[in-house]
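Remarks on the overall topology
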Amino acid sequence: MSGATTLLGAIADVGADRVRGGYSRHGFDHADAELREWFSSEAAARGLDVHTDRNGNLWAWWGTPGPGAVVTGSHLDSVPGGGAFDGPLGVVSALAAVDTLRATGFRPARPVAVVVFAEEEGGRFGVPCLGSRLLAGTFDVDRARRLRDPDGVTLAEAVRATGLDPAHLGPDPEALSRIGCFVELHVEQGRGLVNLDAPVGLADSILAHGRWRLTFHGEGNHAGATPLTDRRDPMLPAASLVLAARRVAGSVPGARATVGRLVPNPGGTNVIPSTVDVWLDARAPGDGDTRHAVDEIVATARETAEREGCTVTVHEESYTGTVTFDSRLRDELAGVLGGAPALPTGAGHDAGVLADRVPTAMLFVRNPTGVSHAPAEHADADDCEAGVAALARVLAHLAGT
Ligand code: HGY
Ligand code: MN
Ligand code: MN
Ligand code: MN
């Protein structure tokens, strides 16, 4: 069994319910802490020097932290009902690649670090890649401190509970200056490598993508006692948004729009909701296309809201413009690997956040199902092994001189 498969099995035991897809791991919560403790002990067992940065990202150093470091890693948090590979495969492959290099007697000429970014999925506080955005200084830290999870706990309270000082959250130029380059290995979320019949590939771009929360305001009332003519039911404009998302995205080449979460309040089966919160995830090849699609979708919902005597508030929770990875680094690494296909992805990543701050590349490992953010997400053991071998070669190349 490859190092990655063995470690994935171990992490699955720690986050067993994560593998069953029954439970999501969120940043800074007790469940996430179990996985982070597991990582810290695995890293310490390898003699890596582990520390947590001001934004809750975990760093395991091979060599003294310093400028020009070669950094690899990914995330351990997940989405509700997520799979076992999205995030952990990048983290365990980094540890397994260190094992591989050590076994060959490799000694890095520059520091190497394995990083675990916090709250990559944004499953708790609603902002994806929160740990890497705060590190890179691309997310307003006052706004970040006030972010609330579904239970109303603020990010400031959550990080304080982990022993961090929320006053220290924010841009970390010193940590950023140490990163000479960042390479994230990730299970592919799609079937590009299946179609190319290749076990490993390199990323060339990420769709522009964002997350909007819309709240439809109506009038709570009795499901039985309220005639249809007397209603201001916010569920109707909410439903129109869901259908408009599919219709509009279908008219923009390469666009996708999804409503994965819709929460009526108060949520009784015999109660006309007073408000409905809807989260829209929209993505497209370009910023213009994405913004245009969202404007169209929201306009449809506004029309329905007006017709139904409701109002709507729209809140942009996060937005990442189209990411184009450093083609020089990508082609250099393809050469190191003796040729590896480059392919786009519709999934966001911490590498996408860092890409315009430091030289960044992504390695993808084939996913036979192409499915992600669901238990069917998969990578075969021999492809995991190919991913570790590729990452080890890349790290040796980047840290060898
Ligand atoms: O949503 C995404 O694209 C990523 O999985 N955070
Ligand atoms: Mn994900
Ligand atoms: Mn991921
Ligand atoms: Mn009653």
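Worth saying up front: this structure is predicted, and the values here are computed from it rather than measured. (Residues numbered from 1 in each chain as written. Chains lettered and ligands numbered in written order. Predicted model: local features only at pLDDT ≥ 70, side-chain atom pairs only at ≥ 80, totals over all residues. Heavy atoms only, no water.)

1. Quick notes on the nonpolar core
Inclusion rule: Throughout, nonpolar core names a set of buried Ala, Val, Leu, Ile, Met, Phe, Trp, Tyr and Cys residues whose side chains join them through atoms within 4.5 Å. Buried residues are those whose accessible area, probed at 1.4 Å on protein chains only, stays under 20% of the maximum for their type, while exposed residues exceed 50% and partly exposed ones sit between those limits. It only takes one pair of heavy atoms within 4.5 Å for two residues to be counted as in contact.
Among the nonpolar cores identified, the biggest contains 53 residues, and Phe39, Leu89 and Leu363 are the most heavily contacted of them. Discounting residues that sit within four places of it in the chain, phenylalanine 39 has contacts with Leu58, Ala60, Leu76, Val91, Leu95, Val114 and Val116. Listed in part, the 27 residues of the second largest apolar core include Val71, Phe117, Val323 and Met362.

2. Thoughts on the domain arrangement of the chain
The cut-off we apply is this: Those domain boundaries reflect an automatic or database domain assignment. Buried area is a sum: the accessible area each of two parts loses on coming together, probed at 1.4 Å, counted once for each and added. The term salt bridge refers to a pairing of a side-chain nitrogen on Lys or Arg with a carboxyl oxygen on Asp or Glu at a separation within 4 Å. Definition of a polar contact: a pair of N or O atoms within 3.5 Å, with one able to donate and the other able to accept a hydrogen when the atoms are protein atoms, and with sequence-neighbouring residues admitted only if both atoms are side-chain atoms. Note on residue categories: nonpolar means Ala, Val, Leu, Ile, Met, Phe, Trp, Tyr, Cys or Pro, charged means Asp, Glu, Lys or Arg, and polar means any other residue, Gly included.
Taken domain by domain, the chain consists of domain 1 (3-207 + 322-399) and domain 2 (208-320). Using C-alpha coordinates to define each centre, domain 1 is positioned 32 Å away from domain 2. Of the roughly 1,100 Å² buried between domain 1 and domain 2 on both sides combined, carbon and sulfur atoms contribute 42%. Taken together, the connections running from domain 1 to domain 2 amount to zero salt bridges. At the junction of domain 1 with domain 2, the criterion picks out ten residue pairs in polar contact (both at pLDDT 80 or more). Of the residues assigned to the side of domain 1 that touches domain 2, the class counts are eight nonpolar, five polar and three charged.

3. Observations regarding the site of ligand 1
The condition is simple: Only a single heavy atom is needed: when it lies within 4 Å of a molecule or strand, its residue is near that molecule or strand. A 1.4 Å probe and the Shrake-Rupley method give the accessible areas. Residues count as covered only by the protein chains that appear here.
Around ligand 1 sit Glu120, Glu121, Arg283, Ala347, Gly348 and His373, and that is every residue in its neighbourhood. Within the side chain of arginine 283, a nitrogen or oxygen atom sits 2.7 Å from an oxygen atom of ligand 1. In the environment of ligand 1, an oxygen atom lies 3.0 Å from a nitrogen or oxygen atom belonging to the side chain of histidine 373. Protein contact buries 94% of the 220 Å² of open area that ligand 1 shows by itself. Per-class residue counts for the shell around ligand 1 are one nonpolar, two polar and three charged.

4. Description of the coordination of the manganese ion (ligand 2)
Ideal geometry at a metal centre gives angles of 109.5 degrees when four donors are arranged tetrahedrally and 90 or 180 degrees when six donors are arranged octahedrally. Operational definition: Atoms are scored as donors when they are N, O or S and lie within 2.8 Å of the metal, with 3.2 Å used for Na, K and Ca; no water is included, so coordination may look incomplete. Numbering goes from the N terminus for both helices and strands, where a helix is a DSSP run of H or I of at least four residues and a strand is a run of E of at least two.
The manganese ion (ligand 2) binds to the protein through Asp86 (OD), Glu121 (OE) and His373 (NE2), with metal-donor distances spanning 2.0 to 2.1 Å. For the manganese ion (ligand 2), all donor residues lie on one chain, and their spacing in sequence is D-x34-E-x251-H. Taken as a pair, the manganese ion (ligand 2) and the manganese ion (ligand 3) lie 3.5 Å from each other and share aspartate 86 as a ligand. Of the two residues, aspartate 86 is situated in the loop between strand E3 (69-75) and helix H4 (88-103) and glutamate 121 in the loop between strand E4 (112-117) and helix H5 (130-136); the sequence distance between them amounts to 35 residues. Classification of aspartate 86 by relative accessible area gives buried; the value is 4%.

5. Focus on the packing of aromatic side chains
Aromatic ring pairs: the centre-centre distance and the angle between the two ring planes describe each pair. Basically, it comes down to this: Each pair of aromatic rings taken from Phe, Tyr and Trp, with Trp reduced to its six-membered ring, is defined by centres within 6.5 Å and is described as stacked if the planes are under 30 degrees apart, edge-to-face if over 60, and tilted in the remaining cases. Should the NZ of a Lys or the CZ of an Arg lie within 6 Å of a ring centre and within 35 degrees of the ring normal, that charge is described as sitting over the ring.
Going through the model one piece at a time under the given rule, you end up with five aromatic pairs. Taken together, a centroid distance of 6.2 Å and an interplanar angle of 70° make the contact between tryptophan 62 and phenylalanine 106 edge-to-face. Of this pair, tryptophan 62 sits in strand E2 (residues 58-62) while phenylalanine 106 sits in the loop between H4 and E4, and the two are 44 residues apart along the sequence. Across the pair, phenylalanine 106 and tryptophan 62 agree in class, each one buried. The residue whose ring lies beneath arginine 102 is tryptophan 62, and the NZ or CZ to ring-centre distance is 4.6 Å. Directly above the ring of tryptophan 279 sits arginine 261, whose terminal nitrogen or CZ lies 4.6 Å from the centroid.

6. Brief notes about the pairing of E2
The two faces of a sheet get side chains in turn, since along a regular strand they alternate between them. Heads up, the condition is: Paired strands are those between which DSSP finds at least two bridges.
When you tally the buried positions in E2, you get five out of five residues, the bulk of the element. Neither face of E2 is left uncovered, since the one carrying Leu58, Ala60 and Trp62 and the one carrying Trp59 and Trp61 both have all their residues buried. One ladder, built from four bridges, connects strand E1 (residues 49-52) with E2; its direction is antiparallel. Within E2, the position partnered with threonine 52 by the bridge is leucine 58. Once E1 ends, the chain turns through five residues before running back antiparallel as E2, passing glycine 56 with a positive phi of about 90°. As defined by bridge partners, E2 adjoins E4 across five bridges and the pair is classed as antiparallel. By the bridge assignment for E4, tryptophan 59 is matched with valine 115.

7. Some remarks on the packing of H4 against helix H14 (residues 381-399)
Cut-off, in case you're wondering: Comment: axis = line fitted to C-alpha atoms, over the contacting stretch for helices; angle = value between 0 and 180 degrees taken between N-to-C directions. To sort the angles, those under 35 degrees are grouped as roughly parallel, those over 145 as roughly antiparallel, those from 65 to 115 as roughly perpendicular, and the leftovers as oblique. Helix crossings get a hand from a simple test, with the near helix turned counterclockwise from the far one by less than a right angle marking a left-handed crossing and a clockwise turn marking a right-handed one.
Packing of H4 against H14 leaves a shortest axis separation of 8 Å and a crossing angle of 60°. The pairing of H4 with H14 is recorded here as oblique in orientation. Here the hand of the crossing between H4 and H14 comes out right-handed. Facing Leu89, Ser93, Ala94, Ala96, Ala97, Thr100 and Leu101 of H4, the residues of H14 in contact are Cys384, Val388, Leu391, Ala392, Leu395 and Ala396. Class assignment of the residues belonging to the contact of H4 with H14 gives a composition of eleven nonpolar, two polar and no charged.

8. Quick look at helix H11 (residues 287-307)
How we decide: By definition here, a helix of n residues has an expected span of 1.5 Å times n minus one. It is the directions from the helix axis to the C-beta atoms whose arc is reported.
Taking 1.5 Å of rise per residue, the 21 residues of H11 would be expected to cover 30 Å, and the 30 Å separating its terminal C-alpha atoms lies within 8% of that figure. Residues of H11 that are buried: Thr290, Ala293, Val294, Ile297, Val298, Thr300, Ala301, Thr304 and Ala305. Projected onto a plane normal to the axis of H11, the buried residues spread over an arc of 150° and lie on a single side. Opposite the buried face of H11, by more than 90 degrees, sit the exposed residues Asp295, Glu303, Glu306 and Arg307.

9. Topic: unusual backbone geometry
With an omega of 10°, the peptide bond between asparagine 265 and proline 266 qualifies as cis. By the element assignment, proline 266 lies in the loop between strand E9 (256-265) and strand E10 (271-272). Positive phi values are uncommon outside glycine, yet glutamate 119 reaches one of about 50°. Tracing the backbone through its elements, the reader meets glutamate 119 in the loop between E4 and H5. Unusually for a residue other than glycine, aspartate 197 sits at a positive phi of about 55°. Within the fold, aspartate 197 resides in the loop between helix H9 (192-196) and strand E6 (200-206).

10. Notes on the sheet that holds E9
Across the sheet, four strands lie side by side as E9-E11-E7-E12; this open sheet has antiparallel pairing. The open sheet has two free edges, formed respectively by E9 and strand E12 (311-320), since each of these has just one partner strand. Strand-to-strand twist in this sheet, taken as the mean axis angle between neighbours without regard to direction, amounts to 15°. Of the strand pairs in this sheet, E9 and strand E11 (residues 275-284) are connected by nine bridges, and their pairing is antiparallel. Of the residues in E11, the one forming a bridge with leucine 262 is valine 278. Along the sheet, helix H10 (residues 235-249) contacts strand E7 (208-217), E9 and E11; its crossing angle with E9, the most-contacted strand, is approximately 170°.

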